[in-house]
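# Commentary on secondary and tertiary structure
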Amino acid sequence: MRPATVVLPWRPAPSRLEAYDRVRGWYARMLPELTVTTIDSPDPVFNLALCRNLAVESLAEPDDVVVLGDADTIPEPAPLRAAIEAARTSGRVHLPYTAYHWLGAEGSAQFAAGIAPEDCRFELVRGACSGVYVTTRRTWESHGGQDPRFRGWGYEDAAWQLAHTTLVGAPPQRHEGRVYALHHVAETRAGAQYDANAALMERYRTASEDASAMRALVSER
């Protein structure tokens, strides 16, 4: 497999440090051929969408592959390797899973104790479209990447999936497998910024399946 880089959007927070360390350890043990680095944005509010865009923009060549991983989520090696190879030429972003397991506090403690992640207690998150993305710069730019107007927490992943499906003409490509999200203190999903994210998400829903409307929405960024 030709090399790829894993980029984790990351701004240190006390409740997330343990998960971050376990994610880094997982990649080192299970996917040692991949280089893992982190990225943050200049936005004073943590901005996942902008971090992901900046990671893709840093690629030297348009068909280089990057794995955009969350700092609390571990992928199974085989589906991730398959996604990396397929992403080079498919024109679609790849998700290396068909099942998203949120391990929660109990499952994360089991994982920390040495239990294999597939055997840890979990909650299945249906419809998940976040956690780990695999893409090239050419593919990411073809549908505008993610919208940095989604600041803080909430909706950037769901809006991105609608833009991808509408503008690429197909949803992100999934690979049979699982990702495992580790426990941390939940972020606050309320307030003026969250309300602004929700309103912007509604505009994405309205533009869904209308390529002209979606291109206009994406071009506002």
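Just so you know, the residues in each chain are numbered from 1, in the order the chain's sequence is written. Side-chain atom pairs in this predicted model are given and counted only at pLDDT of 80 or more, local residue features only at pLDDT of at least 70, and totals for whole chains, interfaces and linings cover all residues. Note that water and hydrogens are dropped before the side-chain values are worked out from all heavy atoms of the structure.

### A look at the nonpolar core
The nonpolar side chains of a soluble globular protein tend to be buried, and buried together. By nonpolar core is meant a set of buried Ala, Val, Leu, Ile, Met, Phe, Trp, Tyr and Cys residues that side-chain atoms within 4.5 Å join together. Exposure is judged per residue with a 1.4 Å probe applied to protein chains only, and the accessible area is read against the type maximum: over 50% gives exposed, under 20% gives buried, and values in between give partly exposed. Of all hydrophobic cores here, the largest spans 49 residues; its most connected members are Y27, V67, L80, I84 and V134. Counting residues in each nonpolar core, the second largest holds 11 residues, with A163, M201, Y204 and V218 among its members.

### Notes on the sheet that holds strand β7 (residues 123-124)
In a beta sheet, neighbouring strands pair by backbone hydrogen bonds and run either parallel or antiparallel. At least two DSSP bridges between two strands are needed for those strands to be called paired. Runs of H or I in DSSP of at least four residues are treated as helices and runs of E of at least two as strands, each being numbered from the N terminus. Spatial ordering of the open sheet is given by β4-β10-β6-β7, a layout of four strands whose pairing is mixed. Both outer strands of the open sheet, β4 (73-75) and β7, are each paired with one neighbouring strand and no more. Of the strand pairs in this sheet, strand β6 (residues 99-103) and β7 are connected by two bridges, and their pairing is antiparallel. Note that in β7 the partner of H101 across the bridge is L124. We call two residues in contact when some of their heavy atoms are within 4.5 Å. Under this scheme, a helix contributes an axis fitted over its contacting stretch, all axes are lines through C-alpha atoms, and angles between N-to-C directions fall in the 0 to 180 degree range. Of the strands in this sheet, β4, β6 and β10 (178-182) touch helix α4 (residues 104-112), which is tilted by about 90 degrees from β6.

### Remarks on the side chain of H101
For H101, the position within the fold is in strand β6. Residue classification places H101 among the buried residues on the basis of a relative accessible area of 6%. For H101, the contacting residues outside a window of four places in its chain are F122, E123, L124, R178, V179, Y180 and A181.

### What about helix α6 (residues 156-168)?
The terminal C-alpha atoms of α6 lie 17 Å apart, and with 13 residues this matches the ideal 18 Å at 1.5 Å per residue to within 8%. Positive phi appears at G169, one or two residues downstream of α6, with a value of about 90 degrees. Helix span is expected to be 1.5 Å times the residue number reduced by one.

### Digging into unusual backbone geometry
Backbone geometry places Y155, a non-glycine residue, at a positive phi of 85 degrees. By secondary structure assignment, the location of Y155 is in the loop between α5 (137-142) and α6. Its identity as a non-glycine residue notwithstanding, E209 has a phi of 75 degrees, on the positive side. E209 gets classed as exposed once you look at its relative accessible area, which sits at 75%.

### A closer look at the environment of A87
Examined against the element boundaries, A87 turns out to sit in helix α3 (residues 77-90). The spacing of A87 and V66 is 21 residues in sequence and 9.2 Å in space, taken between C-alpha atoms. With residues near it in sequence (within four places) discarded, A87 still touches H94, V134, T135 and T136.

### Observations concerning the packing of aromatic side chains
Aromatic rings from Phe, Tyr and Trp, taking only the six-membered ring of Trp, are treated as a pair when their centres fall within 6.5 Å; an angle between ring planes under 30 degrees marks them as stacked, one over 60 as edge-to-face, and anything in between as tilted. Summed over the entire model, instances satisfying the criterion amount to nine aromatic pairs. Their ring planes at 45 degrees and their centres at 5.9 Å tell us that F150 and Y204 sit as a pair that is tilted. Placement of the pair is F150 in the loop between α5 and α6 and Y204 in helix α7 (residues 192-207), with a sequence separation of 54 residues. You can call F150 buried: its relative accessible area is 1%. Chaining the aromatic ring pairs together yields one cluster made of Y133, W140 and W160.

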